[in-house]
Amino acid sequence: MHTKEIPTHKPEMEQHMKHLRIETENMVKKIEFLEVSKRKLLGQGLGSCSVEELEEIDSQLEQSLKSIRARKAQLCKEHIQQLKAKGRMLLEENRKLCEKEIMLLEENAKLCEKCGGEKPGQQPPV
């Protein structure tokens, strides 16, 4: 939308309307061009293309593929880094749990000694 005020005098209004018609026609042409370009990039409607046009489309597609592959590689690299970090965190958590298990086993052994040498789950001698 334009920030200009809409003219109120008839000659100005006609000039404004003419300008809008021309602008609309230009936009329609641009849309048609973009639709044709899109179809060609999708491999449709290539029968009327010259060798030069096909080479240009091929070049555009190659450049697009390079960009796509670079982005994909970057996302994979980031995901791998996140997984490695998570792996390190899980290893550290596992180490701490192993330490805790050893500590609990030691405490359990001490308690068993205090209770007369019975191991957990054993019945006292009769």
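Quick look at the structure, then. Everything numeric in this text was worked out from a predicted model, so none of it was measured.

1. Observations regarding the overall build of the chain
Phase 1 of the analysis: Along the chain, the regular secondary structure elements total two helices and zero strands.
Phase 2 of the analysis: Accessible area for the chain stands at about 11,900 Å²; split by element, carbon and sulfur atoms hold 59% of it.

2. Thoughts on the state of the cysteines
Phase 1 of the analysis: Within the structure shown, the criterion is met by zero disulfides.
Phase 2 of the analysis: Of the cysteine sulfurs around Cys115, a residue in no disulfide, the closest is that of Cys112, at 6.7 Å.
Phase 3 of the analysis: Residue classification places Cys115 among the exposed positions, given a relative accessible area of 55%.

3. Details of the pattern of salt bridges
Phase 1 of the analysis: Per the counting criterion, the structure on display carries three salt bridges.
Phase 2 of the analysis: Note that Lys40 and Glu53 form a salt bridge whose closest N and O atoms lie 3.6 Å from each other. Of this pair, Lys40 sits in helix 1 (residues 10-41) while Glu53 sits in helix 2 (residues 51-114); the two residues are 13 residues apart in sequence, bridging distant segments of the chain.
Phase 3 of the analysis: Using a relative accessible area of 17% as the deciding quantity, one classes Lys40 as buried.

4. Quick notes on helix 2
Phase 1 of the analysis: Taking 1.5 Å per residue, 64 residues should reach 94 Å; helix 2 reaches 93 Å between its end C-alpha atoms and fits that length.
Phase 2 of the analysis: Gly116 sits one or two positions beyond helix 2 and adopts a positive phi of about 100°.

Thresholds applied
Sequence positions are assigned chain by chain, starting from 1 and proceeding in written order. Since the coordinates come from a predicted model, pLDDT governs what is reported: local features require at least 70, and pairs of side-chain atoms require 80 or more to be given and counted, while whole-chain, interface and lining totals use all residues. No hydrogens and no water enter the side-chain calculation; it runs on all heavy atoms of the structure. Only DSSP runs of H or I with at least four residues qualify as helices, and only runs of E with at least two residues qualify as strands; both kinds are numbered from the N terminus onward. Surface accessibility follows the Shrake-Rupley procedure with a 1.4 Å probe radius. Residue values consider only the protein chains on display as shielding. For this text, the term disulfide refers to a pair of cysteine sulfurs within 2.5 Å. Partly exposed describes any residue whose relative accessible area lies between the buried limit of under 20% and the exposed limit of over 50%, with all areas from a 1.4 Å probe on protein chains only and scaled to the type maximum. Just to be clear on terms, a salt bridge is a Lys or Arg side-chain nitrogen sitting within 4 Å of an Asp or Glu carboxyl oxygen. Here the expected length of a helix is defined as 1.5 Å per residue gap, with one fewer gap than residues.

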